Amino acid sequence: MTSRNWFFTHTSHAIAELFRRRSEPRSVRARRKHPTPGSLVSETLEPRSMMAVTPPSISIDDVTITEGDAGTKNAAFILRLSHAASTPVSLRFATANGTATAGIDYLAKSGIVSFAAGTTTKQVLIAIKGDRTYEPNETFSINLSAPQRATIADRTGTVTIANNDPAPASTTAPATAAPATAATPSPAVTLAAPAVMAAPTPTVAATPSTAVVLSVTSDWGSGFNGDVTVRNTTSTAYANWTVDFDFDGQISSLWNGVIASHSGSHYTVRNESWNGVIAAGSSTTFGFSATPGGSSAVLRNLTLVGSAAATPTPTPTPTPTPTPTPTPTTPTNGDLWKEQFFAPYVDMGQYPVPNLDGLAQKYGVGLLTLGFMQASPSGKLAWGGYDVLTLDSTNEQAVAIRGEINALRAAGGDVMVSLGGAAGVSLAQSYAQRGLGATALATAYGDMV
């Protein structure tokens, strides 16, 4: 007899039939025909196959992103399941250096990604740091491990950071431009004679796609910050420049440039008095804050118009007494907080402690917004909500933070503090949970100031 596996498909019915027959009189049961193996198979049994459930497999996409000139922008990795699962799926991820280095080219990150039942994609954002240094394209990876209720088909995703800075000029290229450089007056002389700078008739410069470029440095959905790089791709120095573009949102503040006109969605931005001159092959940058962000963070029809700098006719007039070249200097603390100001965010909870004075000098700003002051587990205001980083902490990192703030103020800059943050518990929430009122909260804020 051939061996087979059988499953009773109607167990409850079979048991009921068995009890019914046992309750019949013996004479009735005696008249019943004894079942044969064939009849049992046809009436109560049917073959079933055992089907294994295949867990989903996880893969990760590669990403290419163009670096910015300052701040950070996010590279979005997409993790995919081969098919939806009926139970939650999770795994760990962590970044790893390649030719790109964490802390210099990108911000290291690790954690756990969870797929809810029925979903097949998740997104992981990694912050890419901008700079103005020419370098080859660089790469780093994000590695997957420790899957739960799934397998990993592709363990590594690679992000390529595409360089957007021009290569340094060849040592032989400037040979023909040397006489013109020698004849060009010093910056102090040029600025002391505005009539000479304004004399030439503006000529429209060639505007290839690389002449004026927008980089979104931060985007929080309802708004964003952006830097516009203005590059002189001609062989003649600019004395002044303007940038025309269309934007469907609203620019709330702008620095290192001036809004010359705004009609509907069309903007014209001109240079400040101190950054109009752009040497051939060089660039300058202006920045702005605008709303909304997200998919609307786009400037359309970007056009650069530069006016060529005229070479002044030599005259026997005495050389003007040299004066300091106007630069975007940091005013004294009392003059910083105007009706409108620009104060980019710096996360003070990171380690090592950010060099505030160095950042201010590098990006030409005098004001910084320091994030984030939150409630620590013991209910005190602390950087990042850490008990070791309270205002009165003697921890080495807490002392270093206070030193950086004092150094920036001594240099003429100033800071303001962001209370709360996207994660953690704000002091107001902590006080409310503990039944403390507005007076106690105001006192805590006063102690911080």
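Structure: above.
Cut-offs used in this document
Residues numbered from 1 in each chain as written. Predicted model: local features only at pLDDT ≥ 70, side-chain atom pairs only at ≥ 80, totals over all residues. Heavy atoms only, no water. Core = buried A, V, L, I, M, F, W, Y, C linked by side-chain atoms within 4.5 Å. Buried < 20%, exposed > 50% of the residue type's maximum accessible area, 1.4 Å probe, protein only. Helix = DSSP H or I, 4+ residues; strand = E, 2+ residues; numbered from the N terminus. Contact = heavy atoms within 4.5 Å. Pairing = 2+ DSSP bridges. Axes fitted to C-alpha atoms, helices over the stretch in contact; angles between N-to-C directions. Expected span 1.5 Å × (residues − 1). Phe/Tyr/Trp six-rings, centres within 6.5 Å; stacked < 30°, edge-to-face > 60°.

Thoughts on the nonpolar core
Thought 1: Ranked by internal contacts, the top residues of the largest apolar core, which has 26 residues, are F77, L79, V124, F140 and L144.
Thought 2: Within the residue set of this core, elements represented by two or more residues are β3 (57–60), β4 (63–66), β5 (72–81), β6 (89–97), β7 (110–115), β8 (121–129), β9 (138–148) and β11 (156–162).
Thought 3: Looking at which element gives the most residues to this core, the answer is β5, with four residues.
Thought 4: Discounting chain neighbours no more than four positions away, the residues touching V124 are A75, A76, F77, L79, F93, V113 and I142.
Thought 5: Ranked by size, the runner-up nonpolar core spans 23 residues in total, among them V346, I401, L408 and L441.

Looking at unusual backbone geometry
Thought 1: Note that the residue after Y351, namely P352, is joined by a cis bond; omega there is 5°.
Thought 2: The omega angle of the peptide bond from G371 to F372 is -10°, so this bond is cis rather than trans.
Thought 3: As for its position among the elements, F372 is in strand β21 (residues 367–375).
Thought 4: Even without glycine at this site, A146 takes up a positive phi of about 50°.
Thought 5: Turning to its location among the elements, A146 is positioned in strand β9.
Thought 6: Backbone geometry places N301, a non-glycine residue, at a positive phi of 55°.
Thought 7: For N301, the location among the structural elements is in strand β19 (residues 300–308).
Thought 8: Using a relative accessible area of 53% as the deciding quantity, one classes N301 as exposed.

Describing the sheet that holds β11
Thought 1: Reading across the sheet, the five strands line up as β4-β11-β9-β6-β7 and stay open at both edges, with mixed pairing between neighbours. The sheet is open, and its two borders are formed by β4 and β7, each paired with just one other strand. Within this sheet the neighbouring strands show an average axis-to-axis angle of 25°, counted without direction.
Thought 2: The sheet contact formed by β4 and β11 spans four bridges and is parallel. Looking at the pairing, I65 lines up with I161 of β11.

Details of helix α9 (residues 396–410)
Helical geometry: 3.6 residues make up each α-helical turn, so side chains three or four residues apart lie on a common side.
Thought 1: An ideal rise of 1.5 Å per residue puts 21 Å on 15 residues; α9 measures up with 21 Å between its terminal C-alpha atoms.
Thought 2: Contact partners of the buried residues in α9: α8 (356–363), β21, β22 (381–383) and β23 (414–419).
Thought 3: Directly beyond the C-terminal end of α9, a positive phi value near 105° is found at G412.

A few points about the side chain of S253
Thought 1: Within the secondary structure layout, S253 lies in strand β15 (residues 250–255).
Thought 2: Dropping the residues within four chain positions of it, S253 is found in contact with G287, F288 and S289.

Some points on the packing of aromatic side chains
Thought 1: The final tally for this structure, using the stated rule, is seven aromatic pairs.
Thought 2: Pairing Y106 with F140 gives two aromatic rings, centres 3.8 Å apart and planes at 5°, and the pair type is stacked. Residue Y106 is found in the loop between β6 and β7, and its partner F140 is found in strand β9; the two are separated by 34 residues along the sequence.
Thought 3: Exposure remark for Y106: the relative accessible area of 1% places this residue in the buried category.
Thought 4: With centroids separated by 6.0 Å and ring planes inclined at 80°, the aromatic side chains of F224 and F247 adopt a geometry described as edge-to-face. Separated by 23 residues along the polypeptide, F224 in strand β13 (residues 224–231) and F247 in the loop between β14 (238–246) and β15 bring together distant segments of the chain. No difference in accessibility class separates F224 from F247, as the two residues are buried.
Thought 5: Linked through ring pairs, F224, F247 and F288 together constitute an aromatic cluster.

What to know about the pairing of β11
Thought 1: Summarising the sheet, β9 and β11 pair through six bridges and their orientation is antiparallel. Considered in β11, the bridge of E138 is made with I161.

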